[in-house]
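# Overview (structure and organization)
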Amino acid sequence: MLLATLLALSHAVPTARAEAYALNDAGITLDTPAGWEMTRWSDWDWKGKSGDGAVAVEVWYTPFQVAITKDAAERWAGIYGEKLDEMRALGVLRDTVAIEEIAGRPTARTTMRFSFDRGGPKGVMVVAAFPVEGKVMHVATLAAAPNAGKAAAALDTLLTRLTVQKPAAEILALGGTATTPLGFTATLPDGWRRPLPIEEAEADKAVAAIVIGPKDPSACLRAIRPSPGGEVDVLLFCGETWKMGILDEDSFAFEEARLKQRFFGKAADKVPAAQPLPHKDRLGMLLTPEINGKDLRIGALPYDRGTVVVWGVSEPGGAEVLASAIRATSASLAFEGPDGGASVHEIGEWIVHTLTYRPWHPAVIGAGAMFLAVLGGFGWLVFRKPKVADPLG
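## Focus on the pairing of strand β5 (residues 56–63)
A regular strand places its side chains so that they alternate between the two faces of the sheet. Within β5, 6 of the 8 residues are buried, which leaves it mostly tucked inside the rest of the structure. In this sheet, β5 lies alongside strand β4 (residues 46–49) in antiparallel orientation, the contact comprising 4 bridges. Residue G48 lies in a different strand from β5, and its bridge partner there is V57. As consecutive antiparallel partners, β4 and β5 are separated by 6 residues, and within that stretch G53 has a phi angle of approximately 75 degrees, a positive value. Of the pairings in the sheet, the one linking β5 to strand β9 (residues 135–144) comprises 8 bridges and is antiparallel in character. Directly across from A56, in β9, lies its bridge partner L142.

## What to know about the packing of aromatic side chains
Tallying each qualifying case throughout the model produces 10 aromatic pairs. In this structure, K83 is placed above the aromatic ring of W60, and the distance from its NZ or CZ to the ring centre is 4.3 Å. Across the ring face of F130, the terminal group of R105 is positioned such that the distance to the ring centre comes to 4.8 Å.

## Let's talk about helix α4 (residues 200–208)
Restricting attention to buried positions, one finds in α4 the residues A203, A206 and V207. The arc that holds the buried residues of α4, viewed along the axis, is 100 degrees, so those residues lie on one side. Across from the buried face of α4, at angles greater than 90 degrees, the exposed residues are A201, K205 and A208. In this structure, the buried residues of α4 make contact with β13 (221–226), β14 (232–240) and β18 (306–314).

## Here's the deal with the pattern of salt bridges
If you walk through the whole model with that rule in mind, you get 19 salt bridges. Here E74 makes a salt bridge to R94, at a shortest N to O gap of 3.0 Å. Residue E74 is located in helix α2 (residues 70–86), and its partner R94 is located in strand β6 (residues 90–102); the two are separated by 20 residues in the primary sequence. We classify E74 as partly exposed; its relative accessible area is 33%. Across the pair D281 and R282 runs a salt bridge, and its minimum N-O distance is 2.9 Å. Sharing partners across several salt bridges, the network here consists of E200, D204 and R222.

## Things to note about the pairing of β14
Most of β14 is tucked away, with 7 of its 9 residues classed as buried. Pairing analysis gives 6 bridges linking β13 to β14, with the strands arranged antiparallel. Residue pairing in the sheet places R225 in a bridge with D233 of β14. Between the antiparallel neighbours β13 and β14 lie 5 residues, among them G230 with a positive phi of about 100 degrees. Sheet topology note: the β14/β18 ladder contains 7 bridges and is antiparallel. Across the sheet, the residue bridging to E240 is T307, located in β18.

## Quick look at the state of the cysteines
Using the criterion set out here, one finds 1 disulfide in the structure. Through a disulfide, C220 is tied to C238; the S-S separation comes to 2.1 Å. Disulfide C220 to C238: torsion about the S-S bond roughly 105 degrees, handedness right-handed. Note that C220 is positioned in the loop between α4 and β13 and C238 in strand β14, a separation of 18 residues in sequence.

## What about helix α6 (residues 319–332)?
The end-to-end C-alpha separation of α6 is 20 Å, in line with the 20 Å expected for 14 residues at 1.5 Å each. Taken residue by residue, α6 has A319, L322, A323, A325, I326, T329 and S330 as its buried positions. The buried residues of α6 all sit within an arc of 165 degrees when viewed along its axis, so they share a single face. On the buried face of α6, the contacting elements are β12 (184–187), β14, β15 (275–279), β16 (282–287), β17 (295–303) and β18.

Here is what the cut-offs are and how they apply
Residues numbered from 1 in each chain as written. Predicted model: local features only at pLDDT ≥ 70, side-chain atom pairs only at ≥ 80, totals over all residues. Heavy atoms only, no water. Buried < 20%, exposed > 50% of the residue type's maximum accessible area, 1.4 Å probe, protein only. Helix = DSSP H or I, 4+ residues; strand = E, 2+ residues; numbered from the N terminus. Pairing = 2+ DSSP bridges. Phe/Tyr/Trp six-rings, centres within 6.5 Å; stacked < 30°, edge-to-face > 60°. Lys NZ or Arg CZ within 6 Å of the ring centre and 35° of its normal. Arc of directions from axis to C-beta. Contact = heavy atoms within 4.5 Å. Salt bridge = Lys/Arg side-chain N within 4 Å of Asp/Glu carboxyl O. Disulfide = S-S within 2.5 Å. Expected span 1.5 Å × (residues − 1).

The analysis is restricted to geometry; functional conclusions fall outside its scope.
Following this line, the structure appears as structure tokens:
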């Protein structure tokens, strides 16, 4: 099929003049030389061929902007291999990977080798990946092996002629400490950052897939860990007005049951036991539910405005990464309120908590002993026999 496609291209009638094609979602415009032909064009992708029909061209993007590194390039090579597999190519191999600067843009350039069919002619795919705002563009040229030089030259032509309307944004500053209007700041782990505005809708899709997430993700601090393949891990730090009861080691099991009921209702009993989520001056919980299609982890930590709830969502296999990230960021939370944003409870709540969970606490025993002493003294005054006056005295 792949060979038939390239042979069909060689018999196409070329256009007589250069053409420009805007890919609005991608934020680039292709400027093809005279004689090149378009076979598909949308706001997010483009397919066509060179003027002599020897080279096929595909242009597309993957969501989320990532740095151009050797590790990312190796991941993209895997994606290119999958693309060739879908075209029914055989014997797909990554040939070379290099990080270059092309037209002033950091670019990962990858060469893939393959066979058109078993024991048949060979082919080549040359691909360039470079960042634009919130995305990574991929420009690929394909040809039979004898035309490998033409495929490389066609790629160079496209890269030098195209224009970028939405250049790559600065993302380094989006990591580290993030301030929120919710009464706390969080320090994000390595590899995590706040999303660019153009990435937020795509991140929200991942959260929407878990159904039970926050009602308004836009009101939460978002953090993402994008992968070169377009998948993304998401953390949402939300400030909820509801509060847990006094949470410590003694009340952990009771508060855990209440928290599971709040999030999962009738399915609460199916959720594994919560794990402690320690902070320097308080205790929280980490819930590890099992859901279909996504990995989900939920952290809850009390503070003076209610409860900080951290939702972590990833593709299957990312649960431990989420748990580690929630533990790290929860430990890093700095609260703005008085007493370090400590959760506020009335004296009556403390009395009930102590009597319920710490009946043998010295203060309880002492108070009980004092009460009994007072009660005993009162009883002695009430029930003691009154002195009878001596009639002879």
